[in-house]
Amino acid sequence: MQSYINQLDGVFPSVCSLDCPDQCGLLLHKKDGKIIKVEGDSTHPVTKGNICNKVRNMTARIYDSKRLSQPLKRIGAKGEGKFVPIAWEEAIDTITSKWKTLINQHGPESILPYSFYGNMGNLSAEGMDRRFFHKLGASRLERSICNAAGAAGYSYTMGGSFGVDPQETIETKLFIMWGINAVSTNMHQVTIAQQARKNGAKVVVIDVHKNQTGKWADWFIPILPGTDSALALGLMHILYAENLINQSFLDEYTVGSAELREHVRQFEPATVSAITGVSIEDLYTLARMYGSTTPSFIRIGNGLQHHDNGGMAVRTIACLPALTGQWVVKGGGATKGNSGYLAFNTNALQRPDLLQNKKTRVVNMNQIGQALLEIEKEKPIRSLFVYNSNPALVAPNANKVQQGLMREDLFTVVHDLFLTETAMYADLVLPAASSYETEDFYTSYWHNYVQLQRPVIETYGESKSNVELFKLLAANMGFEEAVFQDSEEDMIRQALDFPDNPYLEGITYESLSENQFVKAKMRPLFPGKLRTPSGKIELYSEQMKQHGYEPLPTYTPIVKDSDLPFLFIPAPNHNFLNSTFSNNDKHISMEKEPKLHMNIADALKLGINTNDMVRIWNERGECILKAAPGDNVLSGVLVSQGLWQNTPDKKQHINALTPDRLADMGNGAVFFSGRVNLEKVL
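What you see as residue numbers is a count from 1 along each chain, following the sequence as written. Two thresholds apply to this predicted model, a pLDDT of at least 70 for residue-level local features and 80 or more for giving and counting side-chain atom pairs, whereas whole-chain, interface and lining totals are computed over all residues. Derived side-chain values reflect all non-hydrogen atoms in the structure, with water molecules and hydrogen atoms excluded from consideration.

A look at the overall build of the protein chain
Thought 1: The secondary structure listing takes helices from DSSP runs of H or I that are at least 4 residues long and strands from runs of E that are at least 2 residues long, numbered from the N terminus. Per the secondary structure count, the protein chain includes 26 helices and 27 strands.
Thought 2: To get the radius of gyration, use the C-alpha atoms; to get the globule rule, take the number of residues to the power 0.38 and multiply by 2.2 Å. Radius of gyration (C-alpha) of the protein chain: 25 Å, near the 26 Å computed for a compact globule of 682 residues.
Thought 3: Out of the 682 residues belonging to the protein chain, those deemed buried represent 61%.
Thought 4: Residue contacts are counted whenever heavy atoms from the two residues lie within 4.5 Å of one another. Relative to all contacts within the protein chain whose residues are 6 or more apart in sequence, the contacts with residues 24 or more apart total 76%.
Thought 5: As presented, the protein chain carries roughly 25300 Å² of accessible surface, and 48% of it is formed by carbon and sulfur atoms.
Thought 6: Residues scored as charged are limited to Lys and Arg (positive) and Asp and Glu (negative), so that His and the chain ends carry no count. Charged groups are reduced to one reference atom each: NZ for lysine, CZ for arginine, CG for aspartic acid, CD for glutamic acid. Across the protein chain, the mean location of the 67 positive side-chain charges is 2 Å away from that of the 73 negative side-chain charges. A 1.4 Å probe rolled over the protein chains alone gives each residue an accessible area, and that area as a share of the maximum for its type sets the label: buried under 20%, exposed over 50%, partly exposed in between. Using a 1.4 Å probe, accessible areas were evaluated by the Shrake-Rupley method; residue-level cover was limited to the displayed protein chains.

See below:
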């Protein structure tokens, strides 16, 4: 394994491991074996040396005094936070002994792993861990908390996660940022748009909240939550009615154009305006702008897919570039994600063949609270192993999750850098290595570069990487397969050996070792054949019909799960990434405090002034936040940004309010489709 660990001083290349589309190239400055500064790598072709404050202050996280340095065993009540240090040998023996007993008494499905992408390194997120739990026969986790609904919807239209090469958007003349706070979550797309602006480009932002991206835009269009597909259909109505379409592109590269034309007649501007809150005048202005500007580019965000109708919303928006033929213009088209270009050999990395019972049950991670509380069922979950995630804070319907974690009969292990909210309920807590202490490879889901991370610093205390940890568990469980002996280099080579993806041609362990980052072998989507059943953009999808969906893009209102008056949107903030950084004093000081954004008319009606403390609640829970009235949201909408830690004197856990229903597609989360009530705290 190549590394820079033995070089105590110098500047070394690295990769940002955060769950962020930008996946920046970094330079780590070391002195006396410690990282003293993190800066951007100016040689990276996309991120070009620019990094966010989260990463710029990463040393505050890596060397935080609260970071775990040795295994811990709980000695107090669950949630009390009382632990004592133990040796790794005792920790591994305790886990495997408990699991062997559970398997003998209740079967391997009594054990459930829970993880996501707290570290975006592919080995860390979906490598030796998947091999281990497949072999163990544990219950399988459906990891659909983030982009599942939108990915499914986009795929029905475009055949997979294939969009515009972001480097080409320097040519774009009209950017539509739809449901994405790009300033906070995709800053390099903003940087590229800024460069394009110098050449006359315009930026339109469509969102439920005038956040930092909305304030940066040339034109901000507020929209009512969950009505995005109606807006897209209204734009289509005008594009067809005013002949602002590219019929030759539609004829050659799509199926269903004629059916779509007839279908969108019903989405008249007056109807759409009443649904979305967007004025009729703005509908016409936006449609004419989009229909007459080339190249135009739609950046589809994560936010709008977190509704009951999120998959269809993304599927509908993804149809728009086809109507105007933007896909054949450099800098034109759309992007939801670009992970399809960098798809690697997941079977070789994860080894699903090790799973003997192919009908092993699947648990959706969005409903982990429900799953943990189903103790009366025939096969309750009796052990939970959490890594790369913090479900007590990030999972929906958080109070239900907490109730499940409180079960005294639930043997819980957490592998993390910190004593997270979830770790407070664990029986054992294991210290995790940071990305800078391990070897891994990274594939962005926005730009088209594969990157290699070599170890830069010694592991912190007794911390271990996911690869190391699951090798230890495999050995103690008596797993003898050779796959549990593979090194990080072996696993990277296996993953990149994937002739099925021609975009990976030339990307090998050797090329990454030499160049640090290597771009996929890109080519235009058109002319070409998409991975849809027809090989074309499917405006009408027979496959969707077979799967029980409407074959044409459509609008279905979000579920009205109560009669409470406000729609509540728990959006991301600028200085945290989900729960990452929410426990760090430096990042908390930059973000300051949680606020509840509301419309000034609603505030006046309820007698609420700026900085008043307000209580929001529903049948799932409650929060007390500081009010921020203004014109940043439409009437009837409330927005709070960031996952803030709960403390004994502060109720600010916004996921206590979010529903754990599943979205229309992909079994995704519906964080943004909940309703709440509001009152001033007297």
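What about the pattern of salt bridges?
Thought 1: Between Lys or Arg on one side and Asp or Glu on the other, a salt bridge is scored when a side-chain nitrogen of the former is within 4 Å of a carboxyl oxygen of the latter. All chains considered together, the criterion is met by 29 salt bridges.
Thought 2: The residue Lys82 makes a salt bridge to Glu80 at a minimum N-O spacing of 3.3 Å.
Thought 3: On the accessibility criterion, Lys82 (45% relative accessible area) is partly exposed.
Thought 4: With relative accessibility at 42%, the residue Glu80 sits in the partly exposed group.
Thought 5: Close ionic contact of Arg197 with Asp218 constitutes a salt bridge, the shortest N to O distance being 3.2 Å. Linking Arg197 in helix H8 (residues 187–197) with Asp218 in the loop between helix H9 (212–216) and strand S10 (219–222), this pair joins segments that are 21 residues apart in sequence.
Thought 6: In this structure, a network of salt bridges that share partners links the residues Asp308, Asp561, Glu619, Arg620 and Arg661.

As for H8
Thought 1: Looking at H8, one finds that the buried residues are His188, Gln189, Val190, Ile192, Ala193 and Ala196.
Thought 2: The inward-facing, buried residues of H8 contact strand S8 (174–178), helix H7 (182–185), strand S9 (202–207), H9 and strand S12 (296–300).

A word on the packing of aromatic side chains
Thought 1: Pairing of aromatic rings covers Phe, Tyr and the six-membered ring of Trp, with a centre-to-centre limit of 6.5 Å; geometry is then stacked below 30 degrees between planes, edge-to-face above 60, and tilted otherwise. Considering all chains together, one arrives at 26 aromatic pairs under this definition.
Thought 2: For a Lys NZ or an Arg CZ to count as sitting over a ring, it must be within 6 Å of the ring centre and within 35 degrees of the ring normal. Sitting over the face of the ring of Phe479, Lys135 holds its NZ or CZ atom 5.8 Å from the ring centroid.
Thought 3: The ring of Tyr503 has Arg523 sitting right over it, with the charged end atom 4.7 Å from the ring centre.

Examining unusual backbone geometry
Thought 1: Following Thr294, the chain continues into Pro295 via a peptide bond in cis, with omega recorded as -5°.
Thought 2: By secondary structure assignment, the location of Pro295 is in the loop between helix H14 (280–292) and S12.
Thought 3: Following Phe526, the chain continues into Pro527 via a peptide bond in cis, with omega recorded as -5°.
Thought 4: Topologically, Pro527 is positioned in the loop between strand S20 (517–519) and strand S21 (537–538).
Thought 5: The phi dihedral of Lys48 falls on the positive side, at around 50°, and the residue is not glycine.
Thought 6: If you trace the backbone, Lys48 turns up in the loop between strand S3 (34–40) and helix H1 (53–56).
Thought 7: For Asn388, which is not glycine, the phi dihedral falls at a positive 55°.
Thought 8: Tracing the chain through its elements places Asn388 in the loop between strand S15 (383–387) and helix H19 (391–394).
Thought 9: Taking relative accessible area as the criterion, Asn388 reaches 14% and is therefore assigned buried.

Considering the state of the cysteines
Thought 1: Criterion for a disulfide: a pair of cysteine sulfur atoms at a distance within 2.5 Å. Taken as a whole and judged by the stated rule, the model has zero disulfides.
Thought 2: Of all cysteine sulfurs in the structure, the one in Cys16 sits closest to Cys52, which takes part in no disulfide; the separation is 6.4 Å.

Here's the deal with the sheet that holds strand S13 (residues 333–335)
Thought 1: In this analysis, strands are considered paired if DSSP registers two or more bridges between them. What the five strands build is an open sheet, ordered S10-S9-S8-S12-S13; its pairing is parallel. Each edge of the open sheet is held by one strand with a lone partner, namely S10 and S13. The average undirected angle you get between the axes of adjacent strands in this sheet is 15°.
Thought 2: Alignment of S8 against S9, held across five bridges, turns out to be parallel. If you follow Met177 over to S9, its bridge partner there is Val205. Axis lines are fitted through C-alpha atoms, for helices just across the contact stretch, and the angle between N-to-C directions can take any value from 0 to 180 degrees.

Some remarks on the sheet that holds strand S5 (residues 83–85)
Thought 1: What the six strands build is an open sheet, ordered S5-S4-S17-S16-S15-S6; its pairing is mixed. Of all the strands in the sheet, just S5 and strand S6 (111–115) have a single pairing partner and so form its edges. Each neighbouring strand pair of the sheet contributes to a mean axis angle of 20°, computed without reference to strand direction.
Thought 2: Note: S6 against S15, five bridges, orientation parallel. From the neighbouring strand, Tyr114 faces S15, where its bridge partner is Val386.

Focus: the packing of helix H10 (residues 228–241) against H14
Relative orientation and spacing of two packed helices are given, respectively, by the angle between their axes and the distance between those axes.
Thought 1: Where H10 contacts H14, the two axes come as close as 9 Å, and the packing angle between them is 65°. Taken as axis vectors, H10 and H14 run roughly perpendicular relative to one another. Judged by the sense of rotation from one axis to the other, the crossing of H10 with H14 is right-handed. From H10, Leu231, Leu235, Ile238 and Leu239 reach across to H14, where they touch Leu283, Tyr284, Leu286, Ala287, Tyr290 and Gly291.
Thought 2: Charged means Asp, Glu, Lys or Arg here, nonpolar means Ala, Val, Leu, Ile, Met, Phe, Trp, Tyr, Cys or Pro, and polar covers whatever is left, Gly included. Residue composition of the contact of H10 with H14, grouped by class: nine nonpolar, one polar and no charged. Every angle not falling under 35 degrees, over 145, or within 65 to 115 is termed oblique; those three ranges are roughly parallel, roughly antiparallel and roughly perpendicular. Two helices crossing with the near one rotated counterclockwise from the far one by less than a right angle form a left-handed crossing, whereas a clockwise rotation gives a right-handed crossing.

Comments concerning the side chain of Thr169
Thought 1: Relative to the assigned elements, Thr169 resides in the loop between helix H6 (148–158) and S8.
Thought 2: One polar contact links the side chain of Thr169 to the main-chain carbonyl oxygen of Pro166, over a distance of 2.6 Å.
Thought 3: What Thr169 contacts, discounting residues up to four positions off in sequence, is Val164, Phe175, Gln189, Ile192, Ala196, Phe297 and Gly331. The definition of a polar contact used here is a pair of N or O atoms within 3.5 Å, where within protein one atom must be able to donate a hydrogen and the other to accept one, and adjacent residues in sequence count solely through side-chain atom pairs.

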